[in-house]
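The residues making up each chain are set out below.
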Amino acid sequence: MSKNSKETFYISTPIYYVNDIPHIGHAYTTIIADALARFNRLLGKDVFFLTGTDEHGQKIEKAAAEKGLTPLELANKVVGRIKDLWKALDISNDFFIRTTDPFHEKGVQKIFLNLKAKGDIYKGTYQGWYCVSDENFLAEDVPVEAEGYKTCPDCGKKAVLVSEDCYFFKLSRYQEPLLQFYAQNPEFVRPASRMNEVASFVRQGLRDLSITRTTVKWGIPVPDDPDHTIYVWFDALHNYLTGAGYDWDMERFRKFWPATIHLIGKDILRFHAIFWPAFLMAAQFPLPKTIYGHGWWLRDEAKMSKSRGNVLDPYVILRTFGPDPLRYFLLREIPIGLDGNFSHEGFLHRVNSDLANDLGNLVHRTLTMIQGYFGGLIEDLEEEQAGDKEIRQAFDALKERVADFYENYALSRALEDIWVYVNSVNKYLAENEPWKLAENATRKKRLARILYQTAAAIRGISYLLYPVMPESGRKIWSYLGENKAPEEVPFTSFRFEDLKTGRRVQRTKPLFPRVLLQDFLKEEAPPAVSQKKEEKMDIVTFDEFKKMDLRVGEILKAEKVPGTDKLLKIEVNIGTEKRTMVAGVGDTYSPDELVGKKLVIIINLKPAVIRGIESQAMLLAAEVGGKAIIPFFDREVSAGAKVK
Ligand code: MSP
């Protein structure tokens, strides 16, 4: 690193298989990485945050065939879903790599050829068992079951017998160098307990690794020998090089490699802590600093995974809460090395208590008092007194501790500590009883100081929370009248007392809604139940469906139906004429925001009279928690166009 260049921080997630849509477990790895990336950006480091997709191999080939798609069609579909989810979770990755990207394929082929030229790759024949689900060659000592097959010791699935010509990587050559490297770099595998597991595996002896397949077509072809495709893990692990620019953006690659931390789940530790450093040693690249193996989210004590059919869809939470409560819960609930049981009850309990009660109320009450007592102006009219000083000094100490926790990947500890402080600020407010001071004109200065101190603490809390809850951090800062976003203030220059007086705070709604369990669970239609519903559903023939005249309607006017809470009288243009309809959407939308919107309506339904108004059309909407959400068009369409 040259003298002037900034310290770098390169963090990666595993690249996700594209055989199916992502679940809470995948979201977890990515959220941890995002929080760490954001914190390191606050520190002023030059951050490179990489995520992406693992698209080749037998697992994807098989999943695509089952769905009647080509592997690339399946990959394209799933990649779209993954990117949408990362957006919904506020993930700030700097690059998204797909292993089907041509620069990646080229880079892997180049490394393959180099290793072959060096004698680290040689040709032979592989005979043994393979687990398609884990894309893993089973160890020889896994016993053959009575029925004549082997079971994958990791995922419990039936393995298949493989017998084919292949290229081997000389893994055995790296047994001693790996053990030496682990001994010299105890931080390489974290948490520390996992290092022992890895080292003892290597000590038992490493066999050479088959790194090509002839029976799998969906993979990177071996250069000069295209009957062979490269083994998916050899292909995938190299994403950490190519994603950073190896062989196509060498400037970026030189700047960021070696990676600071590869964040992974503990299930893929051996691939990362044994194969990966061996490949890198062979190709003479420096090794990454840390491989961090996090724990699993379990459901009913079993790892959440597609094959077990116990996965949770993150959108169930995202639809009601947005990204921050889910991010907070996943990072707060368990230390990242351990497993945790996920339940919606546990989620709601934590979110209602920590976010809605402790933090949300603190923010809401403080801003309401500043509005009520000072017309919204933050004023600072009196010297700090003992209790005031304590709140400031406790924040300064908290900031240092939180930085240490974040730097050591101890996110749950950071959040725990921040909450101790949140509650001490709540206590400060309760003990100083500003509402009583407000009754006495001579205590106005004292009142101003207490509210200033509380607002400054809230600004500090939301700054420290920003890596975990970026949206809330930004929101709280804008409520406080800050003209910057938290990410624009470097960690070292953030100061409690930099809350400016004379700023005007905004009127706010509560930051985090309080949601009741029964309302929330209504939203979570478990697949089994919805399936049953479908079974009972009346089947409509295509001819019957065709009878429905669905059109694009453009809303011209909307107004409340007097005496009702949620009925709106809406006038729509259907191209050839105007229609009036009455719709129960008034608790989701204000009349004004609907004007000009285009939506789908049925125009040949028998008219109905509602509250004395003839409703001559009906709109389509989804019902979410008792509220109607209308699907609007996201491209230009003209009113009256047919919807089929
Ligand atoms: N494609 C490989 C990784 C290649 S990296 C060079 C892979 N993909 S995966 O989609 O199956 O898993 C990606 C990550 O999600 C892994 O780190 C895995 O541990 C994590 N999780 C999948 N299910 C999980 C839970 N239930 N809980 C926590 N994380 C889990 O493996």
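The structure this text deals with has already been given above.
In short, a report on the structure.

1. Looking at the packing of aromatic side chains
Considering all chains together, one arrives at 46 aromatic pairs under this definition. Here Phe395 and Phe494 contribute two aromatic rings whose centre-to-centre distance is 5.8 Å and whose plane-to-plane angle is 55°, an arrangement assigned as tilted. Separated by 99 residues along the polypeptide, Phe395 in helix α14 (residues 386–407) and Phe494 in the loop between α18 (470–479) and α19 (517–523) bring together distant segments of the chain. Phe494 carries the same exposure label as Phe395, and that label is buried. Clustering of aromatic rings is evident, with ring pairs tying together Tyr10, Phe48, Tyr240, Tyr246, Phe253, Phe256, Trp257, Trp276 and Phe285. Over the aromatic face of Tyr149 sits the side chain of Lys158, whose NZ or CZ is 4.6 Å from the ring centroid. The side chain of Lys399 reaches across the aromatic face of Phe491, ending 4.9 Å from its centre.

2. Concerning the pattern of salt bridges
Inspection of the entire model under this criterion finds 36 salt bridges. Among the ionic pairs, Lys427 bridges to Glu431, the shortest N-O distance being 3.8 Å. A residue pair is termed a helical-turn pair when its members lie 3 or 4 positions apart in one helix, as Lys427 and Glu431 do in helix α15 (residues 411–432) at four residues. You'll find Lys427 and Glu431 in the same group, each marked exposed. Across the pair Arg579 and Glu577 runs a salt bridge, and its minimum N-O distance is 3.3 Å. Relative accessible area serves as the criterion here: at 38%, Glu577 is assigned to the partly exposed category. Counted as one network, the salt bridges with shared partners bring together Asp34, Arg38, Asp90 and Arg327.

3. Focus: the sheet that holds strand β12 (residues 261–265)
Overall, parallel pairing links the six strands, which are arranged β3-β2-β1-β12-β13-β7 in an open sheet. The open sheet is flanked by β3 (95–98) and β7 (189–190), the only strands paired with a single partner.

4. Observations concerning the environment of Asn76
With respect to the helices and strands, Asn76 occurs in helix α3 (residues 71–88). Judged by its relative accessible area of 40%, Asn76 falls in the partly exposed class. For the pair Asn76 and Leu209, spaced 133 residues apart in sequence, the C-alpha to C-alpha distance is 30 Å. There is a polar contact of 2.7 Å between the side chain of Asn76 and the side chain of Arg98.

5. Brief notes about a nonpolar patch on the surface
Taken together, the side chains of Val540, Phe542, Phe545 and Met548 present a nonpolar region at the surface, about 380 Å² in accessible area. Structurally, Phe545 is set in helix α21 (residues 542–546). Given a relative accessible area of 33%, Phe545 falls into the partly exposed group.

6. Things to note about the environment of Leu362
Position of Leu362 relative to the elements: it lies in helix α13 (residues 344–374). Counting along the chain gives twelve residues from Leu362 to Phe374, while the straight-line C-alpha distance between them is 18 Å. Ignoring sequence-local partners within four residues, the contact set of Leu362 consists of Asn357, Val422, Val425, Asn426, Leu429, Thr454, Ile458 and Ile461.

The rules behind these values
- Residues numbered from 1 in each chain as written.
- Predicted model: local features only at pLDDT ≥ 70, side-chain atom pairs only at ≥ 80, totals over all residues.
- Heavy atoms only, no water.
- Phe/Tyr/Trp six-rings, centres within 6.5 Å; stacked < 30°, edge-to-face > 60°.
- Helix = DSSP H or I, 4+ residues; strand = E, 2+ residues; numbered from the N terminus.
- Buried < 20%, exposed > 50% of the residue type's maximum accessible area, 1.4 Å probe, protein only.
- Lys NZ or Arg CZ within 6 Å of the ring centre and 35° of its normal.
- Salt bridge = Lys/Arg side-chain N within 4 Å of Asp/Glu carboxyl O.
- Pairing = 2+ DSSP bridges.
- Polar contact = N/O pair within 3.5 Å; in protein donor to acceptor, adjacent residues only side chain to side chain.
- Patch = residues over 30% accessible without salt bridge, like charges linked within 9 Å, V, L, I, M, F, W, Y side chains within 5 Å.
- Areas by Shrake-Rupley, 256 points an atom, 1.4 Å probe, with all protein chains shown as cover.
- Contact = heavy atoms within 4.5 Å.

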